[in-house]
Amino acid sequence: MKQVLIIRYAEIWLKGKNRGFFERAFETNLTRAIKDFSCSLVKQSGRYLVCDFAEYETEAIIDKLKKVFGAHTISLAYETDSDMDSIFEAAKLICKNEGTFKVESHRGDKKYPLTSVEISKKLGGMILSQFYALKVDVHNPDFTVRVDIREHGKALVFGNYIEGANGMPVGTAGKGLLLLSGGIDSPVAGYMMAKRGMKIDCLHFHSYPYTNMQAKEKVVDLAKILSEYTCGTHLYTVSVTHIQEAIHEKCKPQLMITLLRRFMYRIAERHALRMGAQCLITGESLGQVASQTIEGMTSSNSVVEQLPVLRPLVGFDKNEIIDKSVKMGAYETSILPFEDCCTVFLPDFPAIRPKLDEIMREEAKLDVEGLITEAFASIEKIKI
């Protein structure tokens, strides 16, 4: 008898004849997640087992597995021979000394001589014969002993299900470029698209020296947190200081944010095409701030010529986004008080419903291509 970790997937089941492609990606990502531990990954029908790990590393391995998209549930289990005496020995390690319990059984090996109901009844009787203070409660037990009869004469005995990240394996749905700020929203947007299987790289715009190096370090830390879910990422940083200075000098102040975002979208699309990304991803939520009205989004989108712009948070309110930020472990970093580029030259009354013809007139005052070329000269790549 030995301890193993069971990893089950959910949505991959729905993929029919293409399931093998998704299973291979999932297995690759699982292997990557546990590469720093001395253990092995074994594929079974519809699940994977992590075996041969040190007991003191159990929680650390589980923490890594919980961040692999595609994993539905995880259980710490005992793998034992499938005879009832061996199963009972494993079940005793799960049982509490008092309270109520029930037994749930699944017979993956249909040649096993007992049915699932018969396994539960027999094991329940064996538990009652030794644990006198326990009682059966099939509706609301204090704990559950679960038995999974597998092939090759083995059984898995476990108690609880640990919720996984769910979703689809990263790498099965193309590649996107996330416009990563230092706030709460954009890391969550990247998380949401990675959950649907998209590989994510990040692009961050900064305004050094108006913003300090701590602001940049904060974004690097956010990219590191996100990379735990995205199987690694690349972070690209671009200076837009010169663009903001030009807008501030020549254009109407209330259009500063709108004009800046149009530059960001142009730079992001061109960079995405260079690196083979198939879409842009932003953390915009409709109506959350002045630039995130439908008019503001339309203005930004109008300069994107080839790629779709995905806004996975567009219908979320702030509390929902914060909940997801907390869940992924980014919230405490996101709220650190270091300003990002959008706070530089911030007007007192930014345009809420910018008119495209007015924006075009103001933008005509700028050397758009020259400013973009200068921005590309500042790109820095950071491997996370």
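Let us look at the structure shown here. Since the structure is predicted, the reported quantities are computational estimates derived from the model, not experimental observations.

Some remarks on the environment of Ile 225
Here is step 1: Structurally, the position occupied by Ile 225 is in helix α6 (residues 213-230).
Here is step 2: What Ile 225 contacts, discounting residues up to four positions off in sequence, is Met 328, Gly 329, Ala 330 and Thr 333.

A short note on the sheet that holds strand β14 (residues 309-310)
Here is step 1: Across the sheet, which stays open at both edges, the six strands sit in the order β14-β13-β10-β11-β12-β15 with mixed pairing between neighbours. In this open sheet, the two strands that pair with only one neighbour each are β14 and β15 (380-383).
Here is step 2: Where strand β12 (residues 234-239) and β15 come together, four bridges link them in antiparallel fashion. Bridging across to β15, Leu 235 finds its partner in Ile 382.
Here is step 3: Running over the sheet, helix α5 (residues 185-195) touches β10 (175-179), β11 (199-206), β13 (279-281) and β14 and is turned about 170 degrees from β10.
Here is step 4: Against the sheet, helix α8 (residues 256-275) engages β10, β11, β12, β13 and β14, with an angle of about 150 degrees to β10.

Topic: the pairing of strand β5 (residues 99-107)
Here is step 1: Relative to strand β6 (residues 134-136), β5 runs parallel, the two being bridged by three bridges. The residue bridging Thr 100 from the neighbouring strand is Lys 135, located in β6.
Here is step 2: Sheet topology note: the β5/strand β7 (residues 143-149) ladder contains seven bridges and is parallel. Bridge assignment links His 106 to a residue of β7, and that residue is Asp 148.

Quick word on the pairing of strand β3 (residues 47-51)
Here is step 1: Burial runs high along β3: five of the five residues are buried.
Here is step 2: Residues Arg 47, Leu 49 and Cys 51 of β3 are buried on one face, and the alternating residues Tyr 48 and Val 50, pointing to the opposite face, are buried as well.
Here is step 3: Pairing of strand β1 (residues 2-9) with β3, which is carried by four bridges, proceeds in the antiparallel orientation. Counted as the bridge partner of Leu 5 is Val 50 from β3.
Here is step 4: Here strand β2 (residues 40-44) folds back onto β3, and the loop between the two strands holds two residues, one of which, Gly 46, carries a positive phi near 75 degrees.

Quick word on the environment of Arg 47
Here is step 1: When you line up the elements, Arg 47 lands in strand β3.
Here is step 2: Given a relative accessible area of 13%, Arg 47 falls into the buried group.
Here is step 3: Placed 27 residues apart in sequence, Arg 47 and Ile 74 show a C-alpha to C-alpha distance of 9.8 Å.

About the cut-offs
- Residues numbered from 1 in each chain as written.
- Predicted model: local features only at pLDDT ≥ 70, side-chain atom pairs only at ≥ 80, totals over all residues.
- Heavy atoms only, no water.
- Helix = DSSP H or I, 4+ residues; strand = E, 2+ residues; numbered from the N terminus.
- Contact = heavy atoms within 4.5 Å.
- Pairing = 2+ DSSP bridges.
- Axes fitted to C-alpha atoms, helices over the stretch in contact; angles between N-to-C directions.
- Buried < 20%, exposed > 50% of the residue type's maximum accessible area, 1.4 Å probe, protein only.

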